[in-house]
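The primary structure of each chain is shown beneath.
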Amino acid sequence: MNNKKDIKESLIYYKEVKMHKLKQTKPDISVLSVEPKFIEKFWPLCDFMVAEALKYSGEFAEPRDLKELLLKDEAQLFIVFGSDEEEVNQVFGLFITRIAALPNYNQLEAIICTGRKRDLWEDKIVKTVTSFAQVNKCKRLCFWVRPGWSRVSKKWGWKAKHIQMEKECLLVAQQQT
């Protein structure tokens, strides 16, 4: 493009391409229950999100600890993936649960629930884990989640029964010495 004519045509072409809107697609989100034999295959998609969630949760475990529970079928992994108007074939969130065998009944407990664009997938993940709990004869679901979930969970019939209070014991012991 050594002359002005070529440059002008290129600028017109550039403007036409740039002004062309991306095709709007309806969000297509799915929740995948990952069997233990497939954890190794899907773990690279989850590792970072699990690590970030554990940081917010007080680092009660390392990602590898949860991976071991999943591999031993002592916990369950649900991956939220799909496409929306902006992204295609993305992992939007994940849920890690475990079935707690209590003396009088079983309950499904959430260990981690994390992700982005929650409005795209929150209904599907709740439906999926509720079905999973029913199939596994759990009497109830019990999730320790961040405060924002208390506002949105009412639409699914959830009630806040307890408030989790935390205080670092090591800090208390250090203050006394």
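## Looking at helix α4 (residues 118-135)
Helical geometry note: an α-helix holds 3.6 residues per turn, so side chains three or four residues apart project in the same direction. In this model, α4 (18 residues) spans 25 Å end to end at C-alpha, consistent with the 26 Å of a helix rising 1.5 Å per residue. Turning to α4, its buried residues number three or more, namely Trp121, Glu122, Ile125, Val126, Val129, Phe132 and Ala133. Where α4 ends, the next residue or the one after it, lysine 137, has phi of about 55 degrees, a positive value.

## Digging into the sheet that holds strand β5 (residues 138-143)
Overall, mixed pairing links the 5 strands, which are arranged β1-β2-β3-β4-β5 in an open sheet. Edge strands, defined here as strands with exactly one partner in the open sheet, are β1 (28-34) and β5. Within the sheet, the average angular offset between the axes of one strand and its neighbour, ignoring direction, is 25 degrees. Where α4 meets the sheet, its contacts fall on β1, β2 (76-83), β3 (90-101), β4 (106-115) and β5, and the angle it forms with β2 comes to roughly 150 degrees.

## A short note on the nonpolar core
Core analysis: the biggest nonpolar cluster contains 19 residues, and Val50, Leu77, Leu94, Ile96 and Ile112 have the highest contact counts within it. Every element with two or more residues in this core is listed here: α2 (39-56), α3 (63-71), β2, β3 and β4. Among the elements that make up this core, the one with the highest residue count is α2 (7 residues).

## With respect to the environment of valine 129
Note that valine 129 resides in helix α4. Note: C-alpha distance between valine 129 and threonine 97 (32 residues apart in sequence) is 8.6 Å. Excluding its chain neighbours within four sequence positions, the residues that come into contact with valine 129 are Phe78, Phe95, Leu108, Leu141 and Phe143.

## Here's the deal with the pattern of salt bridges
Enumeration according to the criterion identifies 6 salt bridges in this entry. Notably, a salt bridge pairs glutamate 40 with lysine 67, separated by 3.0 Å at the nearest N-O pair. Separated by 27 residues along the polypeptide, glutamate 40 in helix α2 and lysine 67 in helix α3 bring together distant segments of the chain. Classification of lysine 67 by relative accessible area gives buried; the value is 18%. Aspartate 84 is the salt-bridge partner of lysine 117, the closest N and O atoms lying 2.6 Å from each other. On the criterion of sequence distance, the pair formed by lysine 117 in the loop between β4 and α4 and aspartate 84 in the loop between β2 and β3 is long-range, its members being 33 residues apart. Overall, lysine 117 belongs to the partly exposed group, its relative accessible area being 25%. Judged by relative accessible area, which is 5%, aspartate 84 ranks as buried. By sharing partners, the salt bridges in this structure join Asp84, Glu86 and Lys117 into a single network.

## Side note on the packing of aromatic side chains
Under the defined criterion, the tally for this structure stands at 2 aromatic pairs. Centre to centre, the rings of phenylalanine 78 and phenylalanine 132 are 5.4 Å apart; their planes meet at 80 degrees, and the pair counts as edge-to-face. Remark: phenylalanine 132 occurs in helix α4 and phenylalanine 78 occurs in strand β2; sequence separation between them is 54 residues. A centroid spacing of 5.2 Å and a plane angle of 70 degrees characterise the contact between phenylalanine 95 and phenylalanine 143, whose relative ring orientation is edge-to-face. One end of the pair, phenylalanine 95, is in strand β3; the other, phenylalanine 143, is in strand β5, and 48 residues separate them in sequence. Overall, phenylalanine 95 belongs to the buried group, its relative accessible area being 4%.

What counts and how
Residues numbered from 1 in each chain as written. Predicted model: local features only at pLDDT ≥ 70, side-chain atom pairs only at ≥ 80, totals over all residues. Heavy atoms only, no water. Helix = DSSP H or I, 4+ residues; strand = E, 2+ residues; numbered from the N terminus. Expected span 1.5 Å × (residues − 1). Buried < 20%, exposed > 50% of the residue type's maximum accessible area, 1.4 Å probe, protein only. Pairing = 2+ DSSP bridges. Axes fitted to C-alpha atoms, helices over the stretch in contact; angles between N-to-C directions. Contact = heavy atoms within 4.5 Å. Core = buried A, V, L, I, M, F, W, Y, C linked by side-chain atoms within 4.5 Å. Salt bridge = Lys/Arg side-chain N within 4 Å of Asp/Glu carboxyl O. Phe/Tyr/Trp six-rings, centres within 6.5 Å; stacked < 30°, edge-to-face > 60°.

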